[in-house]
Amino acid sequence: YEKGNALVIEVALAGIDPEKVRIKVENNVLSLEGSTERKSEIDENNYYRKEVRSGSFHRMISLPTSVNGEQATAEYEKGLLTITLPKKQEQQSKPIDITIKQ
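Quick notes on the rules
- Residues numbered from 1 in each chain as written.
- Predicted model: local features only at pLDDT ≥ 70, side-chain atom pairs only at ≥ 80, totals over all residues.
- Heavy atoms only, no water.
- Pairing = 2+ DSSP bridges.
- Helix = DSSP H or I, 4+ residues; strand = E, 2+ residues; numbered from the N terminus.
- Buried < 20%, exposed > 50% of the residue type's maximum accessible area, 1.4 Å probe, protein only.

Student: So what exactly am I meant to see when it comes to the sheet that holds strand β2 (residues 6-12) here?
Tutor: In a beta sheet, neighbouring strands are held together by backbone hydrogen bonds and run either parallel or antiparallel to one another. On the basis of which strands lie adjacent, the open sheet formed by four strands has the order β1-β2-β7-β6 and antiparallel pairing. Looking at which strands have only one partner, the edges of the open sheet turn out to be β1 (2-3) and β6 (73-77). Here β2 pairs with strand β7 (residues 80-86) via seven bridges, running antiparallel. Its bridge partner being in β7, Val11 is matched across the sheet by Leu81.

Structure representation (structure tokens):
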């Protein structure tokens, strides 16, 4: 969504370590990729079980307007990753006089 002069992207990443998430902006495309690994162990009734679940994800999102990726920020709180991308300032076109050679 748009908020003021920025685009805001919210991504639910519950249970994923934010340090294992890579965010990149290139040619007005936001790229998110990361991995997760969960381990669990149960030791009861002389049975021992250990499970390891792992997986990865990769998403590419085309942005509706030009953004300034160098000023982007990302925050992770309670399983929600919020990425704020300031829009690039549109340059006002200036009239240019062109002289005709004869």
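Student: What should I look at first to understand the pairing of β2 in this one?
Tutor: In the case of a regular strand, side chains alternate between the two sheet surfaces. Most of β2 sits out of view: five of its seven residues are buried. In the sheet, β1 pairs with β2 via two bridges, with the strands oriented antiparallel. If you follow Glu2 over to β2, its bridge partner there is Leu7. What sits between β1 and β2 in their antiparallel hairpin is a turn of two residues, with Gly4 showing a positive phi close to 65°.

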